[in-house]
Amino acid sequence: FVCVLMPFFIKGEVSLGTVKQCEMALSRITASLSFFIHEYKQLASYRAQVDRLYDFRCCGLAFMKDKQAGNPPGTSESAEVPDAQADRDLHQVLERGAPSITRELAEV
């Protein structure tokens, strides 16, 4: 980037301070954009943990639904595809940050 500004600096159109400011701005932009590259492993790990927790919650809801219906645990396929209510519950949990499943488990 300094090579681009060097002709303007030699002509006197740009001061050395301006060149250094542009150099510093470019380095900050580069560091900011490289954040995703350097943190990809942790972001992928976080995503995997969220997926596992979602699956765990769906299985817990399916277990409670089977228990309330009097079916043996694991006989329904509701753990595979969560129903609309479980999906709404999950969105409410994500908005509040407090798991609603703990209240449901306390009642059972």
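Residues numbered from 1 in each chain as written. Predicted model: local features only at pLDDT ≥ 70, side-chain atom pairs only at ≥ 80, totals over all residues. Heavy atoms only, no water.

Student: Could you give me a rundown of the overall build of the protein, with the residues and numbers involved?
Tutor: Along its length, the protein carries six helices and zero strands. Secondary structure elements in the protein, listed N-terminal to C-terminal, are α-α-α-α-α-α. The proportion of buried residues among the 108 residues of the protein is 16%. For the protein, the computed accessible surface area is about 8,700 Å², with 63% contributed by carbon and sulfur atoms. (Helix = DSSP H or I, 4+ residues; strand = E, 2+ residues; numbered from the N terminus. Buried < 20%, exposed > 50% of the residue type's maximum accessible area, 1.4 Å probe, protein only. Areas by Shrake-Rupley, 256 points an atom, 1.4 Å probe, with all protein chains shown as cover.)

Student: Please set out the packing of aromatic side chains residue by residue, giving values where relevant.
Tutor: The geometry of two aromatic rings is summed up by the distance between their centres and the angle between their planes. Throughout the structure, instances matching the rule amount to one aromatic pair. Here the aromatic rings of F35 and F36 are separated by 5.4 Å at their centres, their planes lie at 75°, and the arrangement is edge-to-face. Taking the relative accessible area as the measure of exposure, F36 reaches 52% and is therefore exposed. (Phe/Tyr/Trp six-rings, centres within 6.5 Å; stacked < 30°, edge-to-face > 60°.)

Student: Account for the pattern of salt bridges, with residues named and values stated.
Tutor: For the structure shown, the criterion picks out two salt bridges. In this structure, D51 engages R47 in a salt bridge whose closest nitrogen and oxygen atoms are separated by 3.2 Å. Taken together, the residues span about one helical turn, with D51 and R47 both in helix α4 (residues 40–69) at a distance of four residues. On the basis of relative accessibility, which here comes to 33%, the residue D51 falls in the partly exposed class. Under the relative-accessibility criterion, R47 is labelled exposed at 54%. (Salt bridge = Lys/Arg side-chain N within 4 Å of Asp/Glu carboxyl O.)

Student: With reference to specific residues and values, describe a nonpolar patch on the surface.
Tutor: Together, M6, F9, I10 and L16 give the surface a local cluster of nonpolar side chains, amounting to about 380 Å² of exposed area. Of the residues forming the nonpolar patch, the biggest block, three residues, is contributed by helix α1 (residues 2–11). Residue position: I10 is located in helix α1. For I10, a relative accessible area of 66% gives the class exposed. (Patch = residues over 30% accessible without salt bridge, like charges linked within 9 Å, V, L, I, M, F, W, Y side chains within 5 Å.)

Student: Give me the lowdown on α4, citing residues and values where you can.
Tutor: An ideal rise of 1.5 Å per residue puts 44 Å on 30 residues; α4 measures up with 43 Å between its terminal C-alpha atoms. Listing the buried residues of α4 in full gives R57, C58, L61, A62, M64 and D66. Note on α4: the residue one or two positions beyond its end, G70, has a positive phi of about 85°. (Expected span 1.5 Å × (residues − 1).)

Student: Give me the confidence of the model for the protein: which residues, what numbers.
Tutor: Confidence along the protein averages 76 in pLDDT terms, with 67% of residues attaining 70 or more. Least confident of the elements in the protein is helix α6 (residues 101–107), whose mean pLDDT is 48; most confident is helix α2 (residues 16–33), at 90. (pLDDT = per-residue confidence, 0-100.)

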